[in-house]
Amino acid sequence: MDQSEPGLKKFIFWLLAAVLLTPLWVNSRFFFPFITTKTLYVRLVIEVALFCYLILIASHPQYRPRRSLIWWAGGAYLGVVVLASIFGVNFSRSFWGNVERGEGIIMLLHLAAYAVIVASVVASEREWFRFMEVSIVVSLLASFLAFAQAAGVPFISTSTTGARFSSTVGNPSFFAAYLLFNLFFLMYLFWRRTEVGRRIAYAVAWLVFLGTLFGTATRGALLAFGLTLFGLFGVGVWRSRERWARWGAGVGVILIVSTAGVVWLSREARWVKENPVLERLSSISRTDITTQSRLAVWKSSFGAWREHFLLGVGYENYNVPFSKHFPPAIYRDEGSQIWFDRAHSIFFDIAVTSGLAGLLSYGALFAAAGIVLWRRARTAGWDFWSVAIMAALLTAYFLQNLFVFDTLASYLPFMLVLAWLASSDAGIDSSSRATPQWLSLGAVKGAFGVSLAVGLIVFVFRPALANRTLATAVKTGQAGEVGAATALFEEVLQYGDYQRFEARQQFAQFAGTVGADTRFDASERREALAAAIRAMEQSLREAPRDVQNYLQLMELLNTAAAFEPSNYERVIELGAQAMRLSSSRPQLYYSLAQARIGQGRPAEGAELLEKAVALAPQVGEARWNLGAAYAFAGDREGMAREFALAEQFGFTLDNPQRLNRYLIVYSKLRDYQSMAAVLERYVRLNSVTAADTTAWARLAALYKELGEFGKSEQALRKAVELDSRLRPEAEQFLQLLRASSSAAGH
């Protein structure tokens, strides 16, 4: 044995174990901190591990990958994904993915490399136990952080998802999927390791994970776990040879059935209604908003799949067919999610992006895992519970994925399971094969080193710099530093990497916001809008089938029309092109209508908004927009009707932004009486604080214009009462008010 082998193998072993720390990493200095931090970390560690592994197998063939049914199935799936992407709508997006998900074919390749190296390097059962225990310890830390967030521990960052546990994973559904693996790892270790102390520790950790899983309030994962556990215990009662195990499984079945029955029968009880998790579980029905949205998205996905039945549209390109088949039913209000890059179901995600071939190859991967488990049970003497627990793990993972999709938190333990199965299913030992002399040459190893350096620069360091700059640009823009933010966004785009699309979208949102805000310098607003428009036009050239590029560019041009009215005609041209890609998106009609109204053609704007309302009649914002268009077209009756319907459908006068929208319409109509009425209703319905004294100040000014001087003085005093800093200006206004009142004979 080469003296370098033990040290190098041990180093690779700990690098592979270190990858399992991924769910803990979060850094707010990155854009999409819960995703980007983990993505860059995984790429970095796996690339270093791959370099070391290549050096190891150059001299030690016994560590080279061995044949396994798992690898054939996994290779087939990866091959189909690549083939579908080559013939898909945007191979660049398929390969690189995006910032929000941090995937793409490049991540699949990293994960495949990880699984192969683990299966080749980790040999003994004790080493596999260590890997599972590393995953469990990481999951325990994540669980404790989740409980600390829920308890409001001061030095722990607050949860981004309210009452639902998300920990450092950042999303309750993804966290729940991660916990599922570790719950079954604990069950497997509990069965395989007989030391009393370890079993007690495993049992305690299992209860902690169960409580954490409950805290995520993720219905898909909880149902998958409950159903799988019920099936596992049920089969255990029938097949287990150990009497105590059969009795334990029977008790488990009774507990699961009785718990589910009590919760369901008590679904109207107060103790269920006041518990967010139990309430979510007991309220599953076709009338539930989440359920309705999922069903609408899946129906849309099925339509998209039929158009690209065999190979789909390419990995990571779900957004394109989704826009074409956009279901207006999921658009309910201003806060609705309207841009989907996943179907929230692994079945439809694969069907749309990789077609029937992708579904079959993905299914083959699970079939291969099942065959390997069956073989081991029959030929290697594995006991019933060892096989059954791992089969239950794969079943629970597959079932919960029917309602969500993978992230690194679930990918990594899944790769660990596949590597474990492949290792146990390994074919002929490769140690009998001679090592080609050229593999041991220094030049070859040097080439490996150069490849590592290039990979780290391209896949880790350069994307990290671009992402950090993007995060800084976003924060600078939020701070109101228009010029500095514009320069930073343009700096990000100079990197030219795969993150440029999200960078341009963030630039567009920033420029659109400041461009419409007259508090900022006009030249800075104009410059920001012009730069963002150029950026979005570039995105449109690079991804001409992405409707989001059209809509964001249209919105920017509408805003910039305040400086250049000819932009309205460009909006009309872009809208016609976008309609061919997505005719069922109400937002496109909104932007087109805004352009027509800006051109002084409100009747045409109203016609467009009538189509938007026909698509989404339940959306209060759509109703309000139509009412405003009717107002500009001179149809006061239509305006009043749609404004009333807007409020009925949730567009209530409960924030300053909506108040301003009403005031702008009435101001253009010179209807000061209605302006005063809407302000009166606003201050009556809302608890107006010092942060919103402008409502009272505006009301004072309007009352003065209407000759209601007494009401004007009362409103002004109310504004001063809320914010004493207004007193000097208020005194001057009162002098003018009294003079006007005297002149009017009051």
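Everything here concerns the structure above.
Throughout what follows, the structure given in this document is the object of discussion. Just so it is clear, the model here is predicted, and its values are computed rather than measured.

Overview of the overall build of the protein chain
Here comes step 1: Of the regular secondary structure elements, the protein chain holds 32 helices and 0 strands.
Here comes step 2: A principal-axis box enclosing the C-alpha atoms of the protein chain has dimensions of 110 × 65 × 50 Å.
Here comes step 3: Residues counted as buried form 52% of the 746 residues belonging to the protein chain.
Here comes step 4: Long-range pairs, those at least 24 residues apart, make up 69% of the contacts in the protein chain between residues at least 6 apart in sequence.
Here comes step 5: Accessible area of the protein chain: about 33,600 Å², with a carbon and sulfur share of 60%.
Here comes step 6: Across the protein chain, 72 positive and 59 negative side-chain charges occur, with their mean positions spaced 8 Å apart.

Comments concerning the packing of aromatic side chains
Here comes step 1: A complete count under the given rule lists 43 aromatic pairs for this structure.
Here comes step 2: Ring geometry for Trp 128 versus Phe 131: centroids 6.4 Å apart, planes at 50°, classification tilted. Linking Trp 128 with Phe 131, this pair stays in helix H6 (residues 125–151), spanning 3 residues, or about one helical turn. Assigned by exposure class, Trp 128 and Phe 131 land together as buried.

Details of the nonpolar core
Here comes step 1: If you look at the biggest cluster of nonpolar residues, it comprises 218 residues, and the most contacted ones within it are Tyr 114 and Phe 131.
Here comes step 2: Contacts of Tyr 114, omitting those with residues within four sequence positions, involve Leu 16, Val 19, Leu 20, Ile 46, Phe 131, Leu 412 and Met 415.
Here comes step 3: Leu 452, Leu 456, Phe 459 and Val 460 belong to the second largest nonpolar core, which has 5 residues in total.

A look at helix H28 (residues 656–668)
Here comes step 1: For H28, with 13 residues, the first-to-last C-alpha span of 18 Å sits near the 18 Å given by 1.5 Å per residue.
Here comes step 2: Buried-residue contacts for H28 involve helix H26 (620–632), helix H27 (636–648), helix H29 (672–685) and helix H30 (694–705).
Here comes step 3: Count one or two residues on from H28 and you reach Arg 670, which has phi positive near 55°.

Concerning the side chain of Thr 228
Here comes step 1: If you trace the backbone, Thr 228 turns up in helix H9 (residues 219–239).
Here comes step 2: Residue contacts for Thr 228: discarding those within four places in its chain leaves Phe 184, Ala 392, Thr 395, Ala 396 and Leu 399.

A closer look at empty space enclosed by the protein
Here comes step 1: Counted by the stated rule, this structure contains 4 cavities of 30 Å³ or more.
Here comes step 2: There is about 80 Å³ of room inside the largest cavity.
Here comes step 3: What lines the largest cavity is simply Phe 34, Ile 35, Lys 38, Thr 39, Arg 101, Val 169, Phe 174, Thr 407, Leu 408 and Ala 409.
Here comes step 4: Mapped onto the lining of the largest cavity, the elements with two or more residues apiece are helix H2 (33–59) and helix H17 (408–424).
Here comes step 5: Top contributing element to the lining of the largest cavity by residue count: H2, with 4 residues.

Thoughts on a nonpolar patch on the surface
Here comes step 1: Residues Leu 44, Val 450, Val 454, Ile 457, Val 458 and Phe 461 make up a contiguous nonpolar surface patch of about 500 Å² in total accessible area.
Here comes step 2: If one sorts the elements of the nonpolar patch by residue count, helix H18 (residues 442–478) sits on top with 5 residues.
Here comes step 3: Turning to its location among the elements, Val 450 is positioned in helix H18.
Here comes step 4: The class of Val 450 is exposed, set by a relative accessible area of 53%.

Here is what the cut-offs are and how they apply
Numbering of residues starts from 1 in each chain and follows the order in which that chain's sequence is written. With pLDDT at 70 or above as the cut-off, local features in this predicted model cover only qualifying residues; side-chain atom pairs require 80 or more to be listed or tallied, and sums for whole chains, interfaces and linings still use all residues. Neither water nor hydrogens contribute to the side-chain values; these are computed over all heavy atoms in the structure. In this text, helices come from DSSP runs of H or I with a minimum length of four residues, and strands from runs of E with a minimum of two, each type numbered from the N-terminal end. Any residue under 20% of the maximum accessible area for its type is buried, any over 50% is exposed, and the rest in between are partly exposed; the area is computed with a 1.4 Å probe on protein chains only. Residue contacts are counted whenever heavy atoms from the two residues lie within 4.5 Å of one another. Surface exposure here means Shrake-Rupley accessible area, sampled with a 1.4 Å probe, where a residue is shielded only by the protein chains that are shown. Counted charges follow a simple rule, with Lys and Arg positive, Asp and Glu negative, and His plus the chain ends left uncounted. The location of each charge is read from NZ of Lys, CZ of Arg, CG of Asp or CD of Glu. Pairing of aromatic side chains requires ring centres within 6.5 Å, counting the rings of Phe and Tyr and the six-membered ring of Trp. Pairs whose planes differ by under 30 degrees are stacked, by over 60 edge-to-face, and all others tilted. For this analysis, a nonpolar core means a set of buried residues of the types Ala, Val, Leu, Ile, Met, Phe, Trp, Tyr and Cys, connected via side-chain atoms within 4.5 Å. Expected span of a helix: the number of residues minus one, times 1.5 Å. Using protein atoms alone on a 1 Å grid, points that fit a 1.4 Å probe yet trap it form a cavity, whereas open point sets bounded by protein on both sides within 12 Å along at least five of seven lines form a pocket; residues with an atom within 4 Å of a point count as lining. Grid points are joined across faces, edges and corners, and a volume is the space filled by probe spheres set on the points. What makes a patch is a set of residues exposed beyond 30% relative accessible area and free of salt bridges, joined within 9 Å when like-charged and within 5 Å when nonpolar (Val, Leu, Ile, Met, Phe, Trp, Tyr). Throughout this description, the term salt bridge denotes a Lys or Arg side-chain nitrogen within 4 Å of a carboxyl oxygen of Asp or Glu.

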